Amino acid sequence: ACRSGPDARRAGRSADGARRDGRGVSRVGVSVRPALPTCAVAVRGRDATLVSTSLVDGALLGTVRGRHPVIAIECHGICKMYGGAGRRQRRVRALDGVSLEVEAGTTLGIVGESGSGKSTLGRLLCGLEDPDAGSVSLFDQSVAELGADLRTTIQPVFQDPYTAINPRDTIARALAEVFVSGLRTKRRLAPRAAQMAASLSEVGLPAEMLSRRPSELSGGQLQRVLLARALLKDPKILVCDEPTASL
């Protein structure tokens, strides 16, 4: 269901860039089983006719009639380092030369132990951080070139719902962040209320949740709010970082 580039196996490196073997330590790798990985990337079709889909070993397979597969995500040699500002601080290599391709209409799962760079890769795909080296393209456009279209192209579902939502905000304000920054007043939120209520309904939450604050919701409910927020812009790509951990 997913096609990786020639260097995709480099995703199997740990934070320090070293590979792990199978003796007592899970080897980091790429999987097409969305139920197993801690980070998954789901891509919807664009400019392609999706004729049929089937579920095989947990992977969504799509058939495109009369066209070459549409490459939704393309990464080439991306690297990311953290730390090292001070003389004694050790620099951590979170990603080291990761290359991959993901076709439209497929789901790619990335499996790895804690600290192996899965969340970092997701943040780079969403344009939340810039790679130190390499390039990231979505539908043949670099993340930087997408500009305002980035929000309708890709949306993240973060790992920790408690840190992904401002505790002072209502759920309505938290959902409104996906549209434009600064959409904070009740007057500006009102036109979006029906759309936000519909999105909450998609994840099994009532519309009355819009007026509540994060402290009034359980961890599972907050995780559903993150899913609803990501779906509001009807993105073509959804990056899920342990999306069911709190459900």
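For the structure itself, consult the block above.
A. Focus on the environment of S119. Along the chain, S119 turns up in helix α1 (residues 118–125). S119 gets classed as partly exposed once you look at its relative accessible area, which sits at 30%.

B. Region of the structure containing α1. Here α1 lies mainly inside the structure; 6 of its 8 residues are buried. For α1, every residue scored as buried is listed here: K118, T120, L121, G122, L124 and L125. Directly beyond the C-terminal end of α1, a positive phi value near 75° is found at G127.

C. Region of the structure containing the sheet that holds strand β5 (residues 71–82). Strand order in the open sheet made by the 4 strands is β6-β5-β8-β9, with antiparallel pairing throughout. For this open sheet the edge positions go to β6 (92–103) and β9 (141–142), each flanked by a neighbour on one side alone. For strand β8 (residues 133–138) and β9, the ladder comprises 2 bridges, and the chain directions are antiparallel. Within β9, the residue paired with S137 across the bridge is S142.

D. Spatial organisation of the nonpolar core. In this structure, V157, L175, M196, L200, L210 and V225 are the most contacted members of the largest nonpolar core, which totals 28 residues. Of all the elements in the fold, those that place two or more residues in this core are α5 (171–176), α7 (193–202), α8 (219–231) and β11 (237–241). In terms of residue count, the dominant contributor to this core is α8 (6 residues). Beyond its immediate sequence surroundings of up to four residues, V157 is in contact with Q223, L226, L227, A230, L238, V239, C240, D241 and P243. Counting residues in hydrophobic clusters, the runner-up holds 25 residues, among them A72, L125, L138 and V239.

Calculation rules
- Residues numbered from 1 in each chain as written.
- Predicted model: local features only at pLDDT ≥ 70, side-chain atom pairs only at ≥ 80, totals over all residues.
- Heavy atoms only, no water.
- Helix = DSSP H or I, 4+ residues; strand = E, 2+ residues; numbered from the N terminus.
- Buried < 20%, exposed > 50% of the residue type's maximum accessible area, 1.4 Å probe, protein only.
- Pairing = 2+ DSSP bridges.
- Core = buried A, V, L, I, M, F, W, Y, C linked by side-chain atoms within 4.5 Å.
- Contact = heavy atoms within 4.5 Å.

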